[in-house]
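# Summary of the model geometry
In case you want the letters, here they are:
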Amino acid sequence: MTTWLILGGSSAMARALARAVASRGDAVILAGRDAGDLAATATDCRLRGAPLAEAVAFDARDPAGFPALLARLEATEGTVNVAIFVGSMPPQAEIDADPALIDGVIADSFTGPVRLLTLLAPLVEARKGTVVGVGSVAGDRGRIGNYAYGAAKAGFATYMSGLRNRLTRAGAHAVTVKPGFVDTAMTWGIEGMFLVAPPERVAADILKAVGKRRDVIYTPFFWRYIMLIIRHVPERIFKKMSV
Amino acid sequence: MQTRRLDLTGWGRVLRATSDVARPERFSTLARAMEEAPAPAMGQRRSYGDAPLNDKGRALDMTRLDRILGFDEEAGILTVEGGARIGELNALLAPRGWLLPVLPGTGFATVGGAVAMDVHGKNHHHAGSFGQHLAGIRLLTPKGEKRAGPDKQKDLFRATLGGLGQTGVVASAEIRLLKAKGSVMMVTEHRIRDWDEHIAALDTSEATYSVGWIDATATGAGLGRGILEEGETGAGLVPPAKRGRKVPIDAPGAALSPPVVRLFNAAYWRRVPMRGRTVVKPIEDFFFPLDRIYDWNRLYGKRGFHQFQCVVPLGQRDRLRDILETVAQSGAASPLAVLKRMGPGRAGMMSFPMEGYTLAVDLRAAPGPESLVARLEGMVRDAEGRIYLAKDSLGSAEAIQAMYPERKAWAKIVAKHDPEGALATDLVRRLKLRETE
Ligand SMILES: Cc1cc2nc3c(=O)[nH]c(=O)nc-3n(C[C@H](O)[C@H](O)[C@H](O)COP(=O)(O)OP(=O)(O)OC[C@H]3O[C@@H](n4cnc5c(N)ncnc54)[C@H](O)[C@@H]3O)c2cc1C
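An account of the accompanying structure is given in this report. The model shown is predicted, which means the values in this text are computed figures rather than measured ones. (Residues numbered from 1 in each chain as written. Chains lettered and ligands numbered in written order. Predicted model: local features only at pLDDT ≥ 70, side-chain atom pairs only at ≥ 80, totals over all residues. Heavy atoms only, no water.)

### Describing the overall build of chain B
The secondary structure content of chain B amounts to 13 helices and 19 strands. Scaling as 2.2 N^0.38, a compact globule of 437 residues should have a C-alpha radius of gyration of about 22 Å, and chain B matches this with 21 Å. Taken along its principal axes, the extent of the C-alpha atoms in chain B is 60 × 50 × 45 Å. Considering chain B as a whole, with its 437 residues, one finds that 60% of them fall into the buried category. For chain B, the proportion of contacts with a sequence separation of at least 24, taken over those separated by at least 6, is 75%. Looking at chain B, you have 62 positive and 51 negative side-chain charges, and the mean spots of the two groups are 4 Å apart. (Helix = DSSP H or I, 4+ residues; strand = E, 2+ residues; numbered from the N terminus. Rg over C-alpha atoms; globule rule 2.2 N^0.38 Å. Buried < 20%, exposed > 50% of the residue type's maximum accessible area, 1.4 Å probe, protein only. Contact = heavy atoms within 4.5 Å. Lys, Arg positive; Asp, Glu negative; His and termini not counted. Charge placed at Lys NZ, Arg CZ, Asp CG, Glu CD.)

Set out below in structure tokens:
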């Protein structure tokens, strides 16, 4: 049996992934802060075919709770996969007004997940699992609209690449996922969104990437080309752009 | 809560609205939205007219709250969020031997929409309406959360079933399921030559599910010509359903022009051999035949279309024949009309069903069917019948109010729970349904 630990389980993308793996017959452990919401998704997953689905508490800013997650996973049998959907993105203007907010952004999007993954890595190695790290195209280049968040996601992507290097040696794996704009509560009603993808599409792309042991994916795929262009704009020009 | 300004239509795409829409993904955000700025709920907008619309106002899109919250296999009670789609629930339940007790003609309808319209299915003559199978609902009213059910908050419950979303947002519902024999349908199809034969066939049918498809373009001796479908659930194997198709663009106005429609209808009819036939179909193909073309409403082109559905008491079948004749002669009718026998079952004060016969017809929006619908409305009223608000877009306040005798009592209960009128929709305003004098 395969068990998925899904962190940030209340996000629309996480919910879509949880449902997709549940209907394949995998077990899911949903971790996050909104216990009531996670319990609802867990029940839904059970009725869609998950042999086991439960909710556990997880706060990226509170590492004291991390060992309990490890213990819970150790009590399962079979493959252990970990999918990380956590992150927070207050508007850059709010951050500029209150720089202390940056600590939270970094903790949610980078240091919290990374500390947890480092704790879980030996188990993932032993159980030949896959880590799915959901970053963002925002991490590919610092842009005026969200560069604190982008910096955290860039750090996360670098960590993921190192983790992949480590896990590969043990026959385990790590996939870095970079979604473009996804139709979730985070993007709902925000100006300037285009080519917005449904969360189910992202979940399907993730599962395909896990199955094929892909290293880095953009989802939907065309973001690879959009970001290729954005990354190659010379800094001298990019610094004047507002993309 | 973050909102998004959207241009919206009902399924018929004639009536339009621009609204600021919030789309909560969790119960807690839904509850907060109802506290901060109560607004009418929207499901999948499969109602044809303006029932789910709130022009220049706010709306709550419920489609992200679509989870199963519990299943008591012993009691056969399923608890689901209001935004869950009927068809998806059906696909999950059927392989386990369960069936939703009432299935409307589209699987895209949400549980909340099914509650708010107290929808009926092809088994209405046996099983009654959707609301009659509810063990309870969790409702967020502008004045707070309420639990209602057959023995709890009975007035509120009766005002909510078929209540057009006016008492609050249905966050979740507990539905009593039926046992199914398996995940396929055994469907018997008979050719029906005319109106009298159609009525007689519906009257004598002993099937659990039955529906008459009428060629609403046939006039004269062929009036009421069509196919009677009878269905029972069964176990067996059928080839996997083909993937749904999409209509790529708005069809040019001619796609459903009268000659095309007549040809289509004749072909549909001839498909069934003279002696009739029995076929095995996937459940969804029997209940949701139109869903296989994902956005078939676009076949009517940019201008959209109207649907007209009425029910008349058993004794008024001749008047219903006149109604069909008026439609057929107008030349405005579309490919498929539906004739069903209804039982007396209805769960709420504003529910549509009454014991009798119900007829549903699509009408092209151009040239304007306003005068035709006005005439039909009068005929329905004379027949002591009723027009279905899930389909209506052209009805007039006076006539419609006369068809819903409990309306005023309903409006008073609604006013208690939504005194500011925050949940009023375009339909409710157009038909002045919430007036209490
Ligand atoms: C092809 C087709 C076939 C159909 N066949 C049938 C049939 O056989 N029998 C039948 O009875 N109907 C039938 N209908 C009509 C359809 O079932 C109803 O219009 C139903 O209400 C649509 O559900 P929805 O989720 O799209 O609701 P919407 O159209 O979005 O909304 C309908 C009403 O429900 C309210 N509402 C929606 N969600 C909630 C909620 N969570 N809480 C409170 N109020 C809510 C809205 O405010 C509105 O008043 C058919 C429609 C189509 C397109």
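After presenting the structure, the write-up continues.
### Concerning the site of the ligand
Residue and element names in this part refer to chain B. Residues in contact with the ligand amount to 34 residues; listed here are only the nearest, Ala 41, Arg 46, Ser 47, Thr 110 and Tyr 388. Taking His 120, its main chain carries an N or O atom lying 2.8 Å from a nitrogen atom of the ligand. One of the side-chain nitrogen or oxygen atoms of Lys 340 is found 3.4 Å away from an oxygen atom of the ligand. Relative to its unbound accessible area of 960 Å², the ligand is 97% covered by the protein chains. (Near = heavy atom within 4 Å. Polar contact = N/O pair within 3.5 Å; in protein donor to acceptor, adjacent residues only side chain to side chain. Areas by Shrake-Rupley, 256 points an atom, 1.4 Å probe, with all protein chains shown as cover.)

### Structural notes on the interface of chain A and chain B
Contacts between the two partners involve 20 residues from chain A, matched on the other side by 20 residues from chain B. Here chain A packs against chain B, burying approximately 1900 Å² in sum over the two surfaces, 46% of which is carbon and sulfur. Here chain A is connected to chain B by six salt bridges. B:Arg26 is the salt-bridge partner of A:Asp34, the closest N and O atoms lying 3.2 Å from each other. Across the contact surface, chain A and chain B share 15 residue pairs in polar contact (both at pLDDT 80 or more). At the level of secondary structure, the elements contributing two or more residues to the side of chain A that touches chain B comprise α1 (12-24) and α2 (35-47) of chain A. By residue number, the principal contributor to the side of chain A that touches chain B is α2(A), which donates six residues. For the side of chain A that touches chain B, a count of residues per class yields seven nonpolar, six polar and seven charged. (Buried area = accessible area lost by both parts, 1.4 Å probe. Salt bridge = Lys/Arg side-chain N within 4 Å of Asp/Glu carboxyl O. Nonpolar A, V, L, I, M, F, W, Y, C, P; charged D, E, K, R; others polar.)

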